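# Overview (structure and organization)
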Amino acid sequence: EPEVTQTPSHQVTQMGQEVILRCVPISNHLYFYWYRQILGQKVEFLVSFYNNEISEKSEIFDDQFSVERPDGSNFTLKIRSTKLEDSAMYFCASKASRNQETQYFGPGTRLLVL
Amino acid sequence: SQKIEQNSEALNIQEGKTATLTCNYTNYSPAYLQWYRQDPGRGPVFLLLIRENEKEKRKERLKVTFDTTLKQSLFHITASQPADSATYLCALWASGANNLFFGTGTRLTVIP
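The sections below set out a description of the structure shown in this document. (Residues numbered from 1 in each chain as written. Chains lettered and ligands numbered in written order. Predicted model: local features only at pLDDT ≥ 70, side-chain atom pairs only at ≥ 80, totals over all residues. Heavy atoms only, no water.)

### As for the overall build of chain A
- Within chain A one finds zero helices and 11 strands.
- The secondary structure elements of chain A, listed N-terminal to C-terminal, are β-β-β-β-β-β-β-β-β-β-β.
- Whereas a compact globule of 114 residues would reach a radius of gyration of roughly 13 Å, chain A reaches 13 Å, a difference of no more than 12%.
- Per-residue burial over chain A gives 45% buried out of 114 residues.
- Counting only contacts in chain A whose residues sit at least 6 apart along the sequence, the fraction spanning at least 24 positions is 54%.
- Surface accessibility of chain A: about 6,000 Å² in total, with carbon and sulfur atoms responsible for 45%.
- Across chain A, the centroid of the 11 positively charged side chains sits 1 Å from that of the 14 negatively charged ones. (Helix = DSSP H or I, 4+ residues; strand = E, 2+ residues; numbered from the N terminus. Rg over C-alpha atoms; globule rule 2.2 N^0.38 Å. Buried < 20%, exposed > 50% of the residue type's maximum accessible area, 1.4 Å probe, protein only. Contact = heavy atoms within 4.5 Å. Areas by Shrake-Rupley, 256 points an atom, 1.4 Å probe, with all protein chains shown as cover. Lys, Arg positive; Asp, Glu negative; His and termini not counted. Charge placed at Lys NZ, Arg CZ, Asp CG, Glu CD.)

As structure tokens, this is what we get:
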């Protein structure tokens, strides 16, 4: 069964460094999302992406964050200058179409900012 | 303010019993509501979806109800098994929005 994959599974970085989290959505899906989950807290929406554009973003998704679909398969989340409070699990999700309600989540990248 | 609350942080039940988890929301107009399972260190896995005009949905041992008057969804697992132990998340897709809003989750433990 097709699934969303994410790399790396774990990332440790120093405060102020840039990180890029990578996702490969399910191949025929058109809508892509990033969510984060701080340890012990709820899953929070960051950004949605469709047709090579951001569709919607939350207040969390400030100028330090950016997303890109550099080729036909990858979907990346970049954090330009990481802060301690960026430490969290980051989940990528995709769905097939506008009318398809189910989002399929990847296994996540655990980011630790020191 | 908008809130999605799940009744308890943790729920312990005996194997074979029915687990009932509650999701309440305020100040949302959901188009639909979903339930996910999340195991430690893993991403959410979709279980069931129920639309605003539906009262109940079933899938094998799972049942979801949706009451838009009470602004509440109930999630039932019948004949629970230790393998059902996980955190269960409710998430709603608000009308006019473009993303899911998640509840805080309930950690279910099924005791053999």
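### Quick notes on the overall build of chain B
- What chain B contains, in helices and strands, is zero helices and 11 strands.
- What you see for chain B is a C-alpha radius of gyration of 13 Å, in line with the 13 Å of a compact globule of 112 residues.
- In terms of overall dimensions, chain B has a C-alpha envelope of 45 × 30 × 20 Å along the principal axes.
- By residue count, 46% of the 112 residues in chain B fall in the buried class.
- Considering only contacts in chain B between residues 6 or more positions apart, those separated by 24 or more positions represent 54%.
- Across chain B, the centroid of the 13 positively charged side chains sits 1 Å from that of the 10 negatively charged ones.

### Regarding the interface of chain A and chain B
- Across the contact, 19 residues belong to chain A and 20 residues belong to chain B.
- For the pair chain A and chain B, the summed buried area comes to about 1,600 Å², and 52% of that belongs to carbon and sulfur atoms.
- Applying the counting rule to chain A against chain B returns one salt bridge.
- On inspection of chain A and its partner chain B, the count reaches five residue pairs in polar contact (both at pLDDT 80 or more).
- Going through the elements one at a time, β4 (31–37), β5 (43–50), β6 (53–57) and β9 (88–95) of chain A are the ones with two or more residues in the side of chain A that touches chain B.
- Here the side of chain A that touches chain B is built from residues that sort into eight nonpolar, six polar and five charged. (Buried area = accessible area lost by both parts, 1.4 Å probe. Salt bridge = Lys/Arg side-chain N within 4 Å of Asp/Glu carboxyl O. Polar contact = N/O pair within 3.5 Å; in protein donor to acceptor, adjacent residues only side chain to side chain. Nonpolar A, V, L, I, M, F, W, Y, C, P; charged D, E, K, R; others polar.)

### Comments concerning the pairing of strand β4 (residues 30–38) of chain B
Residues and elements named next belong to chain B.
- Counting buried positions over the nine residues of β4 gives eight, a clear majority of the element.
- Two strands pair when backbone bridges link them, and β4 and strand β9 (residues 86–94) are joined in this way by eight bridges, in the antiparallel orientation. The residue of β9 that forms the bridge with Arg37 is Tyr88.
- Two elements, β4 and strand β5 (residues 45–51), share six bridges in a ladder whose sense is antiparallel. The partner of Tyr36 across the bridge, within β5, is Phe46.
- Taking the residues that link successive antiparallel strands as the turn, the β4-β5 hairpin has six residues, and the phi of Gly41 there is positive, at about 70°. (Pairing = 2+ DSSP bridges.)

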